[in-house]
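Geometric and topological summary
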Amino acid sequence: MPELPEVEVIRRGLEPHLAGRRIVEVRFGGHRLRKPVRIKALRQWLCNARIETVERRAKYLLITMDNRACLVIHLGMTGRLGLFPFADHLLRHDHLGWKLDNGLEMRFNETRRFGAVEIFPPDDPALPLFLASLGPEPFAPEFSAAHLARLASGSRRPVKNLLLDGRVVAGIGNIYASEILFDAAIRPERPAGEITAPEWRRVVEATRLILQRAIAAGGTTIRDFVDSSGRPGYFKLQLAVYGRGGQPCPRCDRAIEKIVQAGRATYFCPGCQG
DNA sequence: CTAACTCCCTGATAGC
DNA sequence: TGCTATCAGGGAGTTA
């Protein structure tokens with residue numbers, strides 16, 4: 001579900017409520033997520049520590065404590081994070097809760113359990129190692145046409161699959177990959193190695209434009225996504241091609257096509273994306 | 001090495 | 001209505 005814009009919307013919603021607060025208790029429902037939850041370590045490093053920053057890297061939320069421990073949360077496909085009065089009853093698929101010193105509790109709800117919750121102890125060298133393994137942020141200067149051209153050089157891989165590779169660029173998922181290539185007017189099956197420099201420049205511009213607009217609209221809700229206050233995002237109204245197979249292209253009226261690439265749906269306009 | 005395939009899990013929806 | 005098959009926005013591990 002959540003790609004970069006959705007995680008950023010969640011981050012912005014949580015930050016003012018979390019920064020400066022102390023975690024007083026960590027509740028755990030017992031189900032494993034993508035990996036087993038290390039509840040003992042979570043309690044050890046989070047209980048009685050104060051939250052200093054709430055950041056995002058790729059599709060991960062990074063919550064850093066005053067003891068320099070770092071809580072890392074990934075929302076998977078159906079993950080939700082929100083704040084609730086501690087006394088409110090728990091919902092189905094609420095897996096973890098972090099009770100704060102103001103009576104509210106941040107809760108992680110994840111239907112499909114593809115998400116992850118990890119704790120990095122203070123100064124754990126595994127954290128910078130993990131962060132370094134991720135591709136550049138789309139809004140960082142390192143994400144450039146030259147960067148893309150270098151990683152794509154000699155590759156026969158379809159350009160859409162390249163954009164989905166988190167080592168190439170962070171945070172682009174299946175919805176925005178289709179939207180970005182539509183905006184850049186590039187056919188998704190094109191071999192990445194054959195994309196020209198001007199086309200890569202369009203990809204960089206389109207990536208930033210689409211993600212920026214999506215954040216401003218509160219993210220894209222197809223089915224599950226809600227922000228930290230439980231509200232859906234409205235970027236679905238601005239999607240040009242994703243989920244619109246057979247419907248007319250908003251730019252040229254030709255029927256939008258749906259294909260499958262590496263096991264995932266891709267949408268594009270055969271007219272605009274020559 | 002690259003890149004596609006498979007699987008983790010639940011729930012919504014389509015089709016019979 | 002009720003069953004089964006298919007699909008879903010992520011990512012890691014496996015396979016070719």
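Residues numbered from 1 in each chain as written. Chains lettered and ligands numbered in written order. Predicted model: local features only at pLDDT ≥ 70, side-chain atom pairs only at ≥ 80, totals over all residues. Heavy atoms only, no water.

1. Some thoughts on helix H7 (residues 197–216)
Relative to the 28 Å expected for 20 residues at 1.5 Å per residue, H7 spans 29 Å between its end C-alpha atoms, a close match to the ideal helical length. Of the positions making up H7, those classed as buried are Glu199, Trp200, Val203, Val204, Ala206, Thr207, Ile210, Leu211, Ala214 and Ile215. Residues of H7 that are buried sit in contact with helix H1 (4–18), helix H4 (145–152), helix H5 (159–164) and helix H6 (174–183). Gly218 lies just past H7 and shows a positive phi near 85°. (Helix = DSSP H or I, 4+ residues; strand = E, 2+ residues; numbered from the N terminus. Expected span 1.5 Å × (residues − 1). Buried < 20%, exposed > 50% of the residue type's maximum accessible area, 1.4 Å probe, protein only. Contact = heavy atoms within 4.5 Å.)

2. Examining the sheet that holds strand E4 (residues 70–74)
Across the sheet, which stays open at both edges, the 4 strands sit in the order E2-E3-E4-E8 with antiparallel pairing between neighbours. Either end of the sheet is taken by a strand with one partner, and the two such strands are strand E2 (51–57) and strand E8 (116–120). Within the sheet, the average angular offset between the axes of one strand and its neighbour, ignoring direction, is 15°. As paired elements, E2 and strand E3 (residues 60–65) share 6 bridges and run antiparallel to each other. Residue pairing in the sheet places Thr53 in a bridge with Thr64 of E3. Set on the sheet, H1 makes contact with E2 and E3; between it and E2 the angle comes to about 170°. (Pairing = 2+ DSSP bridges. Axes fitted to C-alpha atoms, helices over the stretch in contact; angles between N-to-C directions.)

3. Let's talk about the packing of H1 against H7
Two elements in contact, H1 and H7, have axes whose closest approach is 9 Å; the angle formed by their N-to-C orientations is 40°. Relative to H7, H1 is oriented oblique. Pair H1 / H7 crosses with right-handed handedness. Packed against H1, whose contacting residues are Leu4, Pro5, Glu8, Val9 and Arg12, the element H7 presents Leu211, Ala214 and Ile215 at the interface. Classifying every residue of the contact of H1 with H7 gives 6 nonpolar, no polar and 2 charged. (Parallel < 35°, antiparallel > 145°, perpendicular 65-115°, else oblique. Left-handed = near helix turned anticlockwise from the far one by under 90°. Nonpolar A, V, L, I, M, F, W, Y, C, P; charged D, E, K, R; others polar.)

4. Quick word on the domain arrangement of chain A
According to the domain assignment, chain A consists of domain 1 (4–132) and domain 2 (145–268). Between domain 1 and domain 2, the C-alpha centre-to-centre distance is 28 Å. Across the contact, 17 residues belong to domain 1 and 16 residues belong to domain 2. Taking both partners together, domain 1 and domain 2 bury about 1,400 Å²; carbon and sulfur atoms supply 67% of that area. Here domain 1 and domain 2 share 0 salt bridges between them. Put simply, domain 1 and domain 2 have 4 residue pairs in polar contact (both at pLDDT 80 or more) between them. For the side of domain 1 that touches domain 2, the secondary structure elements donating two or more residues are H1 and strand E5 (79–85). The element best represented in the side of domain 1 that touches domain 2 is H1, accounting for 9 residues. Looking at the side of domain 1 that touches domain 2 residue by residue, the class counts come to 8 nonpolar, 3 polar and 6 charged. (Domains from an automatic or database assignment. Buried area = accessible area lost by both parts, 1.4 Å probe. Salt bridge = Lys/Arg side-chain N within 4 Å of Asp/Glu carboxyl O. Polar contact = N/O pair within 3.5 Å; in protein donor to acceptor, adjacent residues only side chain to side chain.)

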